[in-house]
Amino acid sequence: MTDVLKAPAPASAPASRRGTDARTARRRAALEWVAIHSLGVAAALFFVLPFVFVLLTSLMSDNQALTRSLWPHPFEWHNYVTVFHTAGFLTWWKNSLVYAVSGTVLTVVSSVPVAYALAKFRFRGRNTALMLVVATMMLPPQVVIVPMYLFWANQMHLTGTLWPLIIPMAFGDAFTVFLLRQFLVTIPNEYVDAARVDGCGELRTLLRVILPMARPAIAAVALFQFFSCWNDYFGPQIYASENPAAWTLSYGLETFKGAHQTSWNLTMAATMLVMAPVIIVFFFAQKAFVEGVTLTGVKG
Amino acid sequence: MAASLTSPPATATGRTVTLRAKRRRSALVTLAFLAPWLIGFAFFFAYPLLSTVYFSFMHYDGFRPPTWTGTRNWSYVFTEYPLFWPALRNTLWLVVVMVTTRVVFGLGVGLLITRIKLGTGVFRTAFYLPYLAPPVAATMAFAFLLNPGTGPVDHLLGDVGLPQPGWFNDPAWSKPALTMLALWGVGDLMVIFMAALLDVPREQYEAAELDGAGAWQRFRFVTLPNISPIVMFAVVTGVIQTMQYYTQPMIAGQVASGVIGNSGQQFEPGYPDKSTLTLPQLVYNLGFQHFDTGSACVIALVLFALAMAFTALLMRRRGGLIQAGD
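How each quantity is defined
- Residues numbered from 1 in each chain as written.
- Chains lettered and ligands numbered in written order.
- Predicted model: local features only at pLDDT ≥ 70, side-chain atom pairs only at ≥ 80, totals over all residues.
- UniProt positions renumbered as here; feature names shortened; annotations may be inferred.
- Helix = DSSP H or I, 4+ residues; strand = E, 2+ residues; numbered from the N terminus.
- Buried ≥ 20, exposed ≤ 12 C-beta atoms within 10 Å, placed from the backbone.
- Contact = placed C-beta atoms within 7 Å.
- Nonpolar A, V, L, I, M, F, W, Y, C, P; charged D, E, K, R; others polar.
- Domains from an automatic or database assignment.
- pLDDT = per-residue confidence, 0-100.
- Axes fitted to C-alpha atoms, helices over the stretch in contact; angles between N-to-C directions.
- Parallel < 35°, antiparallel > 145°, perpendicular 65-115°, else oblique.
- Left-handed = near helix turned anticlockwise from the far one by under 90°.

- An unreviewed UniProt entry lists chain B under the name Sugar ABC transporter permease, with Streptantibioticus parmotrematis given as the organism.
- Here is the UniProt Subcellular location (unreviewed entry) comment for chain B, exactly as written: "Cell membrane".
- As its UniProt record puts it under Sequence similarities (unreviewed entry), chain B is described as follows: "Belongs to the binding-protein-dependent transport system permease family."

- Named according to an unreviewed UniProt entry, chain A is Carbohydrate ABC transporter permease originating from Streptantibioticus parmotrematis.
- The UniProt entry for chain A carries this comment under Sequence similarities (unreviewed entry): "Belongs to the binding-protein-dependent transport system permease family."
- Database annotation for chain A, UniProt heading Subcellular location (unreviewed entry): "Cell membrane".

As structure tokens, then:
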């Protein structure tokens, strides 16, 4: 900083030199613009081409999928019908949807009050509670899976269903609590105090004053939770593997590959169908999403 | 503060009574709001964690009642279990190579996106989208793209005369292939870095430019110091994510090995040649494939210790992961 202040002001150069300087500067800027945008296109290819290859392959005949041709000829739209008619596929789709939707609703409903209390109430042990939330958020699910499995299998007899995955979500999710709390602390206390002065109870304050303001954050955590359920592989593998009627898409997709060993076209069509909902949801809720990612760790 | 301002004036005794009642009531309200998490924490975390410790000293196959074996499970895991050390070595590799390249690449893409002026929204979406691809689907897609003999990437490498490695089928290339998959999904880091880069005060760049600093110097002496907390954040969360790395290596190994998933056919994770083993897969392998509950719990505790150590590092960070409340 001090160096900067001491730096001599640029001496005014003779007019002609200033002209060439400006021209080189402009040329440099133009070159830079081209370089940056070419790099951008190259990077975009890296990110987008895998999707394109998967999509194109999903429309090929199974023989063509094994050749080096890149463009489907003819377009086998029927592959998608075949995938849908594959035993179980619709069931897996339904299970994924049930898991993701119920998981999201339960998580948000149970996590909002916790996040609110951690953000706006003053009580002893609040920092400890917050630390514990962060700690549990960072833990791999495998750490407690063995006793959890034994509990759901031996005490509750619920393995072979998705209940062992859905029920715990009614008890708050650390990541959701943490993210919401990060957002809620940024809401000025004056709003909360004003509501209290007006005679609102804590619950009314939360529902009437805070929730409307927190809508973008809630949308973000709901999306995250939806995707994390939809993408979950480990949970269904542990609890649902014994019963194909309870499989989800993420888990079933694997079997699909196994059963269609060389039919890359069908496997890629199935892969597309697993990716599609996520991509569609993203396009509808892009803004909420990007906001959510920035909330994760960096201050909102 | 607010409470004292809003509490109505009262006589000395009256005030203490109402205050105490109020405090008791507010404690109850706090408890009620926290209840879902408190129950969940006790029941789905604290209790199973203690029980994991308990089982790590027991012999238990899931059928006969558990019997005490002292430290037998621990010594089995560390000295005899053939998958433990390879998994730990792989984890170290992933921490050193995958986390580093992901952070560097994420920063690079973040820098790029802040300087793109034409069609920024389209580029941002394109860069971000792969991050959302479900891990199972993304891994299958890469297994196809890289598949020796049939994959488009394999063809492409052949066309330009580059070597065509076996990727997911070659122990030396399976982790680089997984790293590529991780780079493809770098969108989360890109967004975080993008936000951080846009926060760097403009004046500092202008001042540096007046000082005659070149592009590299501006990056080194202005950008980097400003975003270093975010870089630190990205590295530590990357390490923590590595401790949880499960789905991608599991699927990659399974697909490449040709074992039919979920068919009851036993798939020993780590294909090819233990090169994709990670610690979480060992919990699955021991606990759910070999019914060795005790040893699975030992691995779980090792995983717990590692994840906690890095989480502690993250929380000690100045300015913290936890944003200060009121």
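### Things to note about the overall build of chain B
Here is step 1: The helix and strand tally for chain B stands at 14 helices and two strands.
Here is step 2: Here chain B holds 326 residues, and 42% of them are scored as buried.
Here is step 3: Intrachain contacts of chain B at a sequence separation of at least 6 include 67% that bridge at least 24 residues.

### A look at the overall build of chain A
Here is step 1: When helices and strands are counted, chain A shows 16 helices and zero strands.
Here is step 2: Relative to its full complement of 300 residues, chain A shows a buried share of 42%.

### Side note on the interface of chain A and chain B
Here is step 1: Listed by partner, the interface residues are 85 residues for chain A and 86 residues for chain B.
Here is step 2: Here the residues of the side of chain A that touches chain B sort into 57 nonpolar, 20 polar and eight charged.

### Remarks on the domain arrangement of chain B
Residues and elements named next belong to chain B.
Here is step 1: Assigned domains within chain B: domain 1 (13–73) and domain 2 (83–316).
Here is step 2: Taking the mean C-alpha position of each, domain 1 and domain 2 sit 34 Å from one another.
Here is step 3: Taken together, the contact between domain 1 and domain 2 spans 11 residues of the former and eight residues of the latter.
Here is step 4: Every element with two or more residues in the side of domain 1 that touches domain 2 is listed here: helix 2 (12–55) and strand 1 (58–59).
Here is step 5: A breakdown of the residues in the side of domain 1 that touches domain 2 according to their chemical character gives four nonpolar, six polar and one charged.

### Here's the deal with the UniProt feature "transmembrane region" (unreviewed entry) in chain B
All names here are of chain B.
Here is step 1: The UniProt feature table records "transmembrane region" (unreviewed entry) at residues 28–50, 92–114, 126–146, 177–198, 219–240 and 293–314.
Here is step 2: In this annotation, residues 177–198 is assigned 91% helix and 0% strand; the end-to-end C-alpha distance for the span is 32 Å.
Here is step 3: The distance separating the terminal C-alpha atoms of residues 293–314 is 31 Å; by composition the span is 100% helix and 0% strand.

### Regarding unusual backbone geometry
Here is step 1: A cis amide bond links His73(A) to the next residue, Pro74(A), at an omega of -10°.
Here is step 2: With an omega of -5°, the peptide bond running from Tyr271(B) to Pro272(B) counts as cis.
Here is step 3: If you trace the backbone, Pro272(B) turns up in the loop between helix 12 (247–257) and helix 13 (279–289).
Here is step 4: Even without being a glycine, Asp273(B) presents a positive backbone phi close to 50°.
Here is step 5: Assignment of secondary structure puts Asp273(B) in the loop between helix 12 and helix 13.

### Some remarks on the UniProt feature "transmembrane region" (unreviewed entry) in chain A
Here is step 1: As recorded in UniProt, the feature "transmembrane region" (unreviewed entry) lies at residues 33–56, 97–118, 130–150, 162–184, 205–227 and 264–285 of chain A.
Here is step 2: Measuring from the first to the last C-alpha atom of residues 264–285 of chain A gives 31 Å, for a span that is 95% helix and 0% strand.

### Quick word on the confidence of the model for chain A
All names here are of chain A.
Here is step 1: Confidence along chain A averages 85 in pLDDT terms, with 89% of residues attaining 70 or more.
Here is step 2: Mean pLDDT per element in chain A: helix 1 (residues 2–6) is the minimum at 40, and helix 8 (residues 163–166) is the maximum at 96.
Here is step 3: Below pLDDT 50 for its whole length, residues 1–13 participates in seven contacts with residues either more than four positions away or in separate chains.

### Here we look at the environment of Ala129(A)
Residues and elements named next belong to chain A.
Here is step 1: Of note, Ala129 is situated in helix 6 (residues 126–138).
Here is step 2: Judged by the 18 C-beta atoms lying within 10 Å of it, Ala129 is partly exposed.
Here is step 3: Between the alpha carbons of Ala129 and Leu118 there is a distance of 7.9 Å; along the sequence they are 11 residues apart.

### Here we look at the environment of Glu268(B)
Here is step 1: Tracing the backbone shows Glu268(B) in the loop between helix 12 and helix 13.
Here is step 2: For the pair Glu268(B) and Gln254(B), spaced 14 residues apart in sequence, the C-alpha to C-alpha distance is 8.7 Å.

### Considering the domain arrangement of chain A
By convention, interface size is frequently given as the accessible area that disappears when the constituent parts associate.
Residue and element names in this part refer to chain A.
Here is step 1: Taken domain by domain, chain A consists of domain 1 (15–78) and domain 2 (84–295).
Here is step 2: The straight-line distance from the C-alpha centre of domain 1 to that of domain 2 is 35 Å.
Here is step 3: Taken together, the contact between domain 1 and domain 2 spans 10 residues of the former and eight residues of the latter.
Here is step 4: Of all elements in the fold, only helix 2 (15–57) and helix 3 (62–65) reach the threshold of two or more residues within the side of domain 1 that touches domain 2.
Here is step 5: A breakdown of the residues in the side of domain 1 that touches domain 2 according to their chemical character gives five nonpolar, three polar and two charged.

### A few points about the packing of helix 6 of chain A against helix 14 (residues 293–316) of chain B
Here is step 1: Interhelical geometry of helix 6 of chain A versus helix 14 of chain B gives an angle of 135° and a closest axis separation of 10 Å. Relative to helix 14 of chain B, the element helix 6 of chain A is oriented oblique. Between helix 6 of chain A and helix 14 of chain B lies a crossing of right-handed hand. Residue-level contacts link Met131(A), Val134(A), Ala135(A) and Met138(A) of helix 6 of chain A to Ala307(B), Met308(B), Thr311(B) and Met315(B) of helix 14 of chain B.
Here is step 2: Considered class by class, the residues forming the contact of helix 6 of chain A with helix 14 of chain B number seven nonpolar, one polar and no charged.

### Here's the deal with the environment of Pro164(A)
Residues and elements named next belong to chain A.
Here is step 1: On the secondary structure map, Pro164 appears in helix 8.
Here is step 2: The class of Pro164 is buried, set by 21 C-beta atoms lying within 10 Å.
Here is step 3: Dropping the residues within four chain positions of it, Pro164 is found in contact with Trp152, Leu158, Thr159 and Tyr239.

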